[in-house]
Amino acid sequence: MCQHQPPCPPAESADRESARLVAHHPEQGWSLLCNGVLLFEDTGELLPDGRVIAPHRPPGADHVMTAA
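Residues numbered from 1 in each chain as written. Predicted model: local features only at pLDDT ≥ 70, side-chain atom pairs only at ≥ 80, totals over all residues. Heavy atoms only, no water.

A. Looking closely at the overall build of the chain. If you tally the helices and strands in the chain, you get 0 helices and 5 strands. When the helices and strands of the chain are placed in sequence order, the string is β-β-β-β-β. Expressed as a percentage of its 68 residues, the buried residues of the chain come to 22%. Residue pairs at least 24 apart in sequence account for 20% of intrachain contacts in the chain once pairs closer than 6 positions are excluded. Accessible surface, the chain: about 5000 Å² in total, of which carbon and sulfur atoms supply 59%. (Helix = DSSP H or I, 4+ residues; strand = E, 2+ residues; numbered from the N terminus. Buried < 20%, exposed > 50% of the residue type's maximum accessible area, 1.4 Å probe, protein only. Contact = heavy atoms within 4.5 Å. Areas by Shrake-Rupley, 256 points an atom, 1.4 Å probe, with all protein chains shown as cover.)

B. Spotlight on the nonpolar core. Ranked by size, the top nonpolar core spans 7 residues in total: C8, A11, A19, L33, C34, V37 and L47. If we ignore the near neighbours within four places in the chain, the residues touching L47 are A11, R16, V37 and I53. (Core = buried A, V, L, I, M, F, W, Y, C linked by side-chain atoms within 4.5 Å.)

C. Quick peek at the side chain of R16. Mapping R16 onto the fold places it in the segment before strand 1 (21–25). Only 3.0 Å separates the side chain of R16 from the backbone oxygen of S13, close enough to count as a polar contact. Only 2.7 Å separates the side chain of R16 from the side chain of E45, close enough to count as a polar contact. Ignoring anything within four residues of it in the chain, the contact list for R16 reads P9, P10, A11, L33, N35, V37, E45, L47 and I53. (Polar contact = N/O pair within 3.5 Å; in protein donor to acceptor, adjacent residues only side chain to side chain.)

D. Fine view of unusual backbone geometry. Looking along the chain, the bond that leaves Q5 and enters P6 is cis, with omega of -5°. Considering the arrangement of structural elements, one finds P6 in the segment before strand 1. Phi at T43 takes a positive value of approximately 75°, unusual for a residue other than glycine. The residue T43 is located in the loop between strand 3 (38–40) and strand 4 (45–46) in this model.

E. Geometry of the pattern of salt bridges. Tallied over the full model, the rule gives 2 salt bridges. With a shortest N-O distance of 2.7 Å, R16 and E45 are connected by a salt bridge. Residue R16 is found in the segment before strand 1, and its partner E45 is found in strand 4; the two are separated by 29 residues along the sequence. Taking relative accessible area as the criterion, E45 reaches 2% and is therefore assigned buried. (Salt bridge = Lys/Arg side-chain N within 4 Å of Asp/Glu carboxyl O.)

Set out below in structure tokens:
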């Protein structure tokens, strides 16, 4: 599938999110990676074989700090 050199990591690998972007739609909240992974803005993923990877933001990442 991937024509890049070096090739992008496959969808089954732990570093699958480092594959290059093929399509990016921030207005819809998703991106398609070269390895066929759909990456969602909430950090969830849909793999080419249909498996779902739950969102995995670091704890506390959704809290915004404001100055006093």
